[in-house]
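# Architecture at a glance
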Amino acid sequence: MKIGEASKFSGVSARSLRHYEDEGLIVPGRFSNGFRDYCQSTIDRVLVIRSLLESGLSVRLIREILPGLTDGSDTGTELVCAEFLHEVQGYRDRLAARIALLSDQQAALDAYLREARGTDR
């Protein structure tokens, strides 16, 4: 399917599909006229990429780990999965720390607002 069809089918913009290709995340086929040709396996891969990006993972991490997750072979799968899970856990821990910091800031602002409103009365 052409890029427009692939975009509609996957829910990912044509611009994003081109970006995924530029980043080496996907390699669509080509028609004889040079237009991109997206097969179902490429669309499936796009959906995985989209899900991982929406989870907050970096393109760098996805590029490094995606081949081992989607190539269908078991060669090195345990190592890839262990490395991937380690990276994801690290990202999750950093995210939790940011959330805690933001929660503390929110609590400080709430306290400030309570105090400020109490003195206005």
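Structure's up top.
Residues numbered from 1 in each chain as written. Predicted model: local features only at pLDDT ≥ 70, side-chain atom pairs only at ≥ 80, totals over all residues. Heavy atoms only, no water.

Attention shifts here to the overall build of the protein chain. Helices and strands together make up the secondary structure of the protein chain, namely 5 helices and 2 strands. Written out in order from the N terminus, the α and β elements of the protein chain read α-α-β-β-α-α-α. Sorting the 121 residues of the protein chain into buried and exposed places 21% on the buried side. Pairs at least 24 residues apart make up 46% of the contacts formed inside the protein chain by residues separated by at least 6 positions. (Helix = DSSP H or I, 4+ residues; strand = E, 2+ residues; numbered from the N terminus. Buried < 20%, exposed > 50% of the residue type's maximum accessible area, 1.4 Å probe, protein only. Contact = heavy atoms within 4.5 Å.)

It is possible for side chains of opposite charge to pair when their charged atoms get near one another. The tally for this structure, following the rule as stated, stands at 7 salt bridges. Ionic pairing is found between Glu21 and Arg36, a salt bridge with its closest N-O pair at 2.4 Å. Of the two residues, Glu21 sits in helix H2 (residues 14-22) while Arg36 sits in strand E2 (residues 36-37), which places them 15 residues apart along the sequence. A residue is classified by how much of its surface remains accessible, and Glu21, at 19% relative accessible area, is buried. In this structure, Arg63 and Glu23 form a salt bridge, with 2.5 Å as the shortest nitrogen-oxygen distance. (Salt bridge = Lys/Arg side-chain N within 4 Å of Asp/Glu carboxyl O.)

Time to look at the nonpolar core. Among the nonpolar cores identified, the biggest contains 19 residues, and Leu17, Tyr20, Ile26, Tyr38, Ile49 and Ile62 are the most heavily contacted of them. The set of elements that each furnish at least two residues to this core consists of helix H1 (3-10), H2, helix H3 (40-54) and helix H4 (59-70). Sequence-distant contacts of Ile62, that is, excluding residues within four places in its chain, are made with Leu25, Ile49, Leu52, Leu53, Leu57 and Pro67. (Core = buried A, V, L, I, M, F, W, Y, C linked by side-chain atoms within 4.5 Å.)

With that settled, consider H2. For H2, the set of buried residues is Ala14, Leu17, Tyr20 and Glu21. For H2, the buried positions fall inside an angular range of 115 degrees around the axis, keeping them on one side. Turned more than 90 degrees away from the buried face of H2 sit Arg15 and Asp22, all of them exposed. Of the surrounding secondary structure, the elements contacted by the buried residues of H2 are H1, strand E1 (29-30), E2 and H3. A positive phi of about 80 degrees marks Gly24, the residue just after H2. (Arc of directions from axis to C-beta.)

Taken together, the buried positions of H1 are Ile3, Ala6, Ser7 and Ser10. Buried residues in H1, looked at end-on, bunch into an arc of 100 degrees, giving them a common side. Away from the buried face of H1 by more than 90 degrees, exposed residues Lys8 and Phe9 are located. Tucked into the core, H1 has its buried residues touching H2, E2 and H3. Downstream of H1 by one or two residues, Gly11 has phi in the positive range, about 80 degrees.

With that settled, the discussion passes to the environment of Tyr38. Assignment of secondary structure puts Tyr38 in the loop between E2 and H3. The exposure class assigned to Tyr38 is buried, which follows from its relative accessible area of 1%. Expressed as a C-alpha distance, the spacing of Tyr38 and Val27, which sit 11 residues apart in the sequence, is 8.7 Å. Apart from residues lying up to four places away in sequence, Tyr38 is in contact with Met1, Lys2, Ile3, Ala6, Leu17, Glu21, Ile26, Pro28 and Ile43.

This part covers the environment of Gly24. Among the structural elements, Gly24 can be located in the loop between H2 and E1. For the pair formed by Gly24 and Glu64, sequence separation is 40 residues and the distance between their alpha carbons is 9.9 Å.

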